[in-house]
Amino acid sequence: MKHDEFRADLHCHTTCSDGTYTPSELIALAIEKGLKGLAITDHDNVNAYAEAIPLAKAAGLILGSGIEFSSYDKDLSVHILGYDFAIDHNAIAQLSKKHIQRRKMRNGKILEKLAKHGMEIDPAPFEQKIEAGHPVGRPHIATAMMEKGYVSSQHEAFEHWIGDAKPCFDPGSPISTDETIDVIHEAGGKAFLAHPHFLKKKNVIERLLAKPFDGIECYYAKCTPDYEEKWVKLAESKNLLISGGSDFHGTIKPHLPLGCSWVGKERFDQIFERNRCT
Ligand code: AMP
Ligand code: ZN
Ligand code: FE
Ligand code: FE
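Residues numbered from 1 in each chain as written. Chains lettered and ligands numbered in written order. Predicted model: local features only at pLDDT ≥ 70, side-chain atom pairs only at ≥ 80, totals over all residues. Heavy atoms only, no water.

J.: Could you give me a rundown of the site of ligand 1, with the residues and numbers involved?
T.: By nearness alone, every residue bordering ligand 1 is listed as Asp 18, His 43, Arg 103, Arg 106, Gly 137, Arg 138, Pro 139, Phe 158, His 249 and Lys 253. For ligand 1, an oxygen atom lies 3.2 Å from a polar atom in the side chain of His 43. In the environment of ligand 1, an oxygen atom lies 3.3 Å from a nitrogen or oxygen atom belonging to the side chain of His 249. A total of 500 Å² of accessible area belongs to ligand 1 in isolation, and the protein chains cover 75% of it. Where the shell around ligand 1 is concerned, the elements lending two or more residues are helix 3 (90-116) and helix 5 (138-147). (Near = heavy atom within 4 Å. Polar contact = N/O pair within 3.5 Å; in protein donor to acceptor, adjacent residues only side chain to side chain. Areas by Shrake-Rupley, 256 points an atom, 1.4 Å probe, with all protein chains shown as cover. Helix = DSSP H or I, 4+ residues; strand = E, 2+ residues; numbered from the N terminus.)

Below, the structure written as structure tokens:
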């Protein structure tokens, strides 16, 4: 790989959701890794951008707007990446607010279920994070479970207790895939189906791609090139855009380093036509 090659990681998280790097630390790492472009895709919010924009600008790193919304289509959990929307658009702010409420209720129910299984967790640190406008997710709960010694890893917390359909999981009141795509479009952006590799069933993918998605996340984390090529072919056959990124979360997912998946200049320019932040 040439050092001056344009590489843009379009999927990463900060402390504004469930990552462990602050926005400043993430920008510094992106520069250190030689990335030329970046989109920060925190769960359900764009709070990282206020801190990240001046730093990226000073370093000549092109920052496109990004977000990863959680949604449900029927009972299916669907993550949607939003790109190229106006970062301060009210429709995005309103949907972020709705997610904070959804998570507050849902996390309360998860903590109740954990307590019933003898795993008491203090909700106060979560409340502080919510006060600051950041969503609290299951990885935060898993970390608290580890700190209390109830489990020894994030994996164990999800596998035995809080993963989808596990004894202490609660879906809360979900926000639909259709509504989420509409909001991203209303804000002038493009909606991408995130990590379709997780959805597995072909009929599910077909059902989702009948919706007005603009693209598919074809390059993801450490998927192998032949596996990714399948998704590229599917996107091309449907005239959809192609995105890619690492899903970097910092030290809670050390196996996914920033920049381990990326897109080149041509794909970056096709996605970010209107709303670059730097
Ligand atoms: P939430 O946003 O609260 O629904 O939590 C979703 C987050 O949990 C995502 O960032 C996932 O990467 C993470 N996650 C989901 N399943 C697992 C798992 N089995 N092990 C570790 N992390 C997971
Ligand atoms: Zn996450
Ligand atoms: Fe995701
Ligand atoms: Fe993610």
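J.: I'd like a description of the coordination of the zinc ion (ligand 2), backed by residues and values.
T.: In the first shell of the zinc ion (ligand 2), the protein supplies Asp 18 (OD), Asp 18 (OD), His 43 (NE2) and His 249 (NE2), at 2.0 to 2.6 Å from the metal. Written as a sequence motif, the donor residues of the zinc ion (ligand 2) are D-x24-H-x205-H. The class for Asp 18 is buried, based on a relative accessible area of 8%. (Donors = N, O, S within 2.8 Å, 3.2 Å for Na, K, Ca; no water. Buried < 20%, exposed > 50% of the residue type's maximum accessible area, 1.4 Å probe, protein only.)

J.: A description of the coordination of the iron ion (ligand 4) should follow, citing residues and the corresponding values.
T.: Within the protein, the iron ion (ligand 4) binds to His 11 (NE2), His 13 (NE2), Glu 68 (OE) and Asp 247 (OD); these donor distances fall in the range 2.1 to 2.2 Å. The site at the iron ion (ligand 4) holds four donor atoms, and with the angles between them running 78 to 166°, its shape is irregular. Positions of the donor residues of the iron ion (ligand 4) along the chain correspond to the pattern H-x1-H-x54-E-x178-D. In this structure, the iron ion (ligand 4) is positioned 4.5 Å from the zinc ion (ligand 2). With respect to burial, His 11 and His 13 carry one shared label: buried. (Tetrahedral: all angles 85-135°; square planar, octahedral: opposite > 155°, others 65-115°.)

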